[in-house]
Amino acid sequence: MDIKINEVSQSEQELEVTLTYDEIKDEIDDAYKKERKTIAIDGFRKGKAPIAIIKKLYGDSIEYKASESISNKKFWDVVDSENLKPISTPQLMDIDFVKDEKLFFKVRYEIKPELDVKDYKNLEIEKPIFKVKDEDIDNEVNKILKSQATFEDAEKVEDSNHRITANLQRLKEDGSEYENSRSENIVIDLSEPAVNEEIKKNSLNKGIGDQFKFTFVDEHKHGEETHSEEYIYNSDITKIEKIVLPETNEELVKKISNDKATSLEQFKDQIKDNYEQYYVSQSEQIFQSSLLNEVVKNNEFEVPKGYVSFILNRLINSEKENAKQYGKPVPDDETLKKELATRAEWSAKWQIVMENIGRVESIEVNDSDLEKLAEEEAEKTGISVKKMMKYYGDTNRKEALLEDKVIKFLTDHTKIKEVDPEKAAKKAKSSDTKKSTKKSTPKKEGKKEK
């Protein structure tokens, strides 16, 4: 077998293979045996004709047909023997089969390019530090208590501890009604923090049959510009109920805490711990996402299209499986392709950049790493280390472990700037407002020359 590997580009190779007829004779003989089962020749039962007669009658077509499947098999044999790493579906570019002489074929395939990675260390990346507020805890407790609440009919809205049922009609600025803009029997819990403040204020001391108005402003962006639209509603109250929260005794606390707390204070501490764990996780995810995005942005290159397509198909299949698992409608492939295209391209870029950083920094995953992980997971799950190792091999766990190591390396070599997300959001909003004001301010006209 003669093998030649050509570098077509940074991310493409071409393999040329020439085999003598003797080197593929076993596969040719297998092709005759396979075809023999389907061939009927006068004077012989189907599948029983002598090979010599089959070769004489159909030899050329059988061998030419077999040459393509032989080329495919031999390609993957060479991939293993030469440690080639195609990352997308290989394309057969040329095949030349000469009966009794040789088989030549040429296959082109994509590879992960070797990059001169840069600007991935000593970056300054912001990390939001979320703080648990007492009001967050109180709101969560009230939400849980309200799930156990009862409701008493009332004649008047005495405070925010009520819920009302109302018919809403949208109005124009002159007070006339919009057609087809009426909503019936809308239930509004006045104790909810997210409820419009005008509704809470204007419904106070109102009774059944009374009306009140409220407005709210919808702000949304078109490109960089913020647009506002005011909505005016007239509300007709049809029902008022007082929210009666249950007594927070030991029995109730045990029930709502799944027997993890016996007092309201213990329950609040439990909720606070959950919030803190969630915030730490969110903070880490946001920081890591910002870090990886910056590293990818700093290492722009043309990502192999076939590899992007491969990852896109994998994402599509994953989304469809998730939809089936949770009983949701399964989106069609074209819709998913549009929705996931950007994510697939970014994932392909990150995977290549990540592996190149691993190469440059000599970050590797060896069998001992996998065995250590298998022992840890075997202890937790009760599954044998041997089965865990086989599972890792089937699911490319080695690649995932390499990614974990590279991300840890990047994190260890990053300057983390902790920020208050609320202050950052206010600053960003203030900046947007200034930009919007600057754009909308008309320029003064210069003096016209006489």
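Heads up: the structure comes first, above all this text.
Quick summary incoming for the structure in this document. Just so it is clear, the model here is predicted, and its values are computed rather than measured.

Conventions used here
Residues numbered from 1 in each chain as written. Predicted model: local features only at pLDDT ≥ 70, side-chain atom pairs only at ≥ 80, totals over all residues. Heavy atoms only, no water. Axes fitted to C-alpha atoms, helices over the stretch in contact; angles between N-to-C directions. Helix = DSSP H or I, 4+ residues; strand = E, 2+ residues; numbered from the N terminus. Left-handed = near helix turned anticlockwise from the far one by under 90°. Contact = heavy atoms within 4.5 Å. Nonpolar A, V, L, I, M, F, W, Y, C, P; charged D, E, K, R; others polar. Salt bridge = Lys/Arg side-chain N within 4 Å of Asp/Glu carboxyl O. Buried < 20%, exposed > 50% of the residue type's maximum accessible area, 1.4 Å probe, protein only. Core = buried A, V, L, I, M, F, W, Y, C linked by side-chain atoms within 4.5 Å. Phe/Tyr/Trp six-rings, centres within 6.5 Å; stacked < 30°, edge-to-face > 60°. Lys NZ or Arg CZ within 6 Å of the ring centre and 35° of its normal. Pairing = 2+ DSSP bridges.

## Considering the packing of helix H3 (residues 134-146) against helix H6 (residues 264-297)
Part 1: Between H3 and H6, the least distance of the axes is 10 Å, while the angle of their chain directions is 115°. H3 and H6 meet at a crossing whose hand is right-handed. Across from Asp-136, Ile-137, Asp-138, Glu-140, Val-141 and Ile-144 in H3, the residues of H6 making contact are Leu-264, Phe-267, Lys-268, Ile-271, Lys-272, Tyr-275 and Tyr-279.
Part 2: Along the lines of polarity and charge, the residues of the contact of H3 with H6 split into 8 nonpolar, no polar and 5 charged.

## Regarding the pattern of salt bridges
Two side chains that carry opposite charge are able to pair once their charged atoms sit near each other.
Part 1: If you walk through the whole model with that rule in mind, you get 33 salt bridges.
Part 2: Here Arg-163 makes a salt bridge to Glu-241, at a shortest N to O gap of 2.7 Å. With a gap of 78 residues between them, Arg-163 in strand S7 (residues 162-171) and Glu-241 in strand S10 (residues 225-244) connect regions that are remote in the sequence.
Part 3: Assessed through its relative accessible area of 23%, Arg-163 is described here as partly exposed.
Part 4: A residue is classified by how much of its surface remains accessible, and Glu-241, at 8% relative accessible area, is buried.
Part 5: When salt bridges with common partners are traced through the structure, they connect Glu-27, Lys-73, Lys-74 and Asp-77 into a single cluster.

## Some remarks on the nonpolar core
Part 1: Counting 42 residues, the largest nonpolar core has Val-295, Trp-350, Ile-357, Val-406 and Leu-410 as its most contacted members.
Part 2: Here the element with the most residues in this core is helix H8 (residues 333-360); it accounts for 9 residues.
Part 3: Counting residues in hydrophobic clusters, the runner-up holds 25 residues, among them Leu-19, Ile-39, Ile-54 and Phe-75.

## Quick look at the packing of aromatic side chains
What characterises a pair of aromatic rings is the spacing of the ring centres plus the angle enclosed by the ring planes.
Part 1: Under the definition given, this model contains 13 aromatic pairs.
Part 2: Ring geometry for Phe-216 versus Tyr-233: centroids 6.4 Å apart, planes at 5°, classification stacked. Taken as a pair, Phe-216 in strand S9 (residues 211-222) and Tyr-233 in strand S10 lie far apart in primary sequence, 17 residues in all.
Part 3: Given a relative accessible area of 17%, Tyr-233 falls into the buried group.
Part 4: Linked through ring pairs, Phe-212, Phe-214, Phe-216, Tyr-231 and Tyr-233 together constitute an aromatic cluster.
Part 5: Sitting above the plane of the Phe-151 ring, Arg-163 keeps its charged end 3.5 Å from the centroid.
Part 6: Its guanidinium or amino end placed over the ring of Tyr-178, Lys-172 lies 5.6 Å from that ring's centre, counting from NZ or CZ.

## Considering unusual backbone geometry
Part 1: Look at Asp-259: it is not a glycine, yet its phi comes out positive at around 65°.
Part 2: For Asp-259, the position within the fold is in the loop between helix H5 (250-256) and H6.
Part 3: Positive phi, normally seen in glycine, also occurs at Ser-362, with a value near 55°.
Part 4: Within the secondary structure layout, Ser-362 lies in the loop between H8 and helix H9 (367-381).

## Observations concerning the sheet that holds strand S3 (residues 91-98)
Part 1: The strand order across the open sheet formed by 4 strands is S1-S2-S4-S3, and the pairing between neighbours is antiparallel. Every other strand in the sheet has two partners, leaving strand S1 (2-9) and S3 as the edge strands with one partner each. In this sheet, adjacent strand axes meet at a mean angle of 10° when their direction is disregarded.
Part 2: Of the strand pairs in this sheet, S3 and strand S4 (residues 102-110) are connected by 7 bridges, and their pairing is antiparallel. Pairing of Gln-91 across the sheet is with Arg-108, part of S4.
Part 3: Where helix H1 (residues 21-36) meets the sheet, it contacts strand S2 (12-20), S3 and S4, and its direction lies at approximately 90° from that of S2.

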